[in-house]
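Each chain is listed here by its residues.
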Amino acid sequence: MTMIRSTVPVGASFADGSELDWAQSLVPGLVVLDARVPPNAPWSGVVAAGQVLTIVDVGGNQSGDCLMYNAADHDERYSAPDTLTWEQNAYVSTGTVLRSNEGRPLMTVIGNEIDRHDTIGGACGKESNTLRYGHHVMYHHGCRENFLAEASRHGLGVRDLVSNLNWFMNVPVEADGALGIVDGLSAPGRRVAVRAEMDVLVLVSNCPQMNNPCNDFNPTPLRMIVVEPS
Ligand SMILES: [Zn+2]
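A brief report on the enclosed structure follows. What you are looking at is a predicted structure, and each value in this text was computed from that prediction instead of being measured.

## Comments concerning the pairing of strand β3 (residues 52–57)
- The element β3 is extensively covered by neighbouring structure, given that 6 of its 6 residues are classed as buried.
- In β3, alternate side chains face the same way, and those of V52, T54 and V56 on one face and L53, I55 and D57 on the other are all buried.
- As judged from the 6 bridges shared by β3 and strand β9 (residues 190–196), these two strands associate in the antiparallel manner. Among the inter-strand pairings, V52 is bridged to a residue of β9, identified as R195.

Following this line, the structure appears as structure tokens:
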């Protein structure tokens, strides 16, 4: 009999001794929302125009997969190709304007404590994990399943999932154009801050991936802080 072993731990715990830094908002202001997202779990919230969302990589090297929608019209949503084309750059970093499928600014990166973030690598999911890593990982949910579960709370479904952004994920574009998914550039307590340019519904999957190094094989919490800047 073949013994099938999974690399996936049971439950949403992280390794004993993990360094956690919950940090604070990157910009001063009145806190209107403060949420702690457990490892492997989804989160969503509306960030009103002018408000700033700080995402804290509490344990370091944790990918926060992210989708954004115009809160008043969900048919207008984040577009990775529009964002990359307007920026003429393969990465998301300070100053990047995150654009919709109508070319309009949804959010702008106004603060950033790591070199760059990815918007090419896409989201993990049960099907893609099975294809890449084998059938023994089929039972473990991925970001796609997290997105679907959270999206359903807002009347959104499969047709509304598009190519996403990965906060804190390191997907280098090599000189020959090849993409890697490698160990992260982040560390406990590192933050990114994005200002909403319209009322934006933000969906985040705290990535459960355990089959490649995008979460350092130790999924840890994220903290989401929304402020009205002072
Ligand atoms: Zn994922």
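After that view, the rundown keeps rolling.
## Here we look at the sheet that holds strand β6 (residues 97–99)
- Across the sheet, which stays open at both edges, the 6 strands sit in the order β1-β11-β3-β9-β7-β6 with antiparallel pairing between neighbours. Since the sheet does not close on itself, it has two edges, and those belong to β1 (29–37) and β6, each with one partner. Sheet twist, expressed as the mean angle between neighbouring strand axes with direction ignored, is 25°.

## Things to note about the nonpolar core
- Counting residues in each nonpolar core, the largest one holds 48 residues, and the members touching the most others are L53, C66, M68, V200, V202 and L203.
- Dropping the residues within four chain positions of it, V202 is found in contact with S44, G45, V47, L53, C66 and M68.

## A few points about helix α3 (residues 143–151)
- When we look at burial in α3, the residues that qualify are C143, R144, N146, F147 and A151. One side of α3 holds all its buried residues, which, seen down the axis, span an arc of 160°.
- Against β2 (42–47), β4 (64–70) and β10 (200–206) lie the buried residues of α3.

## Some points on the environment of T119
- Along the chain, T119 falls in the loop between β7 (105–112) and α2 (126–133).
- Residue T119 is classed as buried on the basis of its C-beta count, with 26 C-beta atoms lying within 10 Å.
- The spatial distance from the C-alpha of T119 to the C-alpha of T108 is 14 Å, given a sequence separation of 11 residues.
- Non-local contacts of T119, meaning those with residues more than four positions away in its chain, are made with A80, T83, L84, V92, L165 and N166.

## Considerations on unusual backbone geometry
- With phi around 50°, N61 is a residue other than glycine that occupies positive phi space.
- Here N61 is to be found in the loop between β3 and β4.
- Residues other than glycine seldom take positive phi values, yet D216 does so here, at roughly 60°.
- Mapped onto the fold, D216 is located in the loop between β10 and β11 (222–229).
- Judged by the 17 C-beta atoms lying within 10 Å of it, D216 falls in the partly exposed class.

What counts, and where the lines are drawn
- Residues numbered from 1 in each chain as written.
- Predicted model: local features only at pLDDT ≥ 70, side-chain atom pairs only at ≥ 80, totals over all residues.
- Buried ≥ 20, exposed ≤ 12 C-beta atoms within 10 Å, placed from the backbone.
- Helix = DSSP H or I, 4+ residues; strand = E, 2+ residues; numbered from the N terminus.
- Pairing = 2+ DSSP bridges.
- Axes fitted to C-alpha atoms, helices over the stretch in contact; angles between N-to-C directions.
- Core = buried A, V, L, I, M, F, W, Y, C linked by C-beta atoms within 7 Å.
- Contact = placed C-beta atoms within 7 Å.
- Arc of directions from axis to C-beta.

Just geometry here; none of it tells us what the structure is for.
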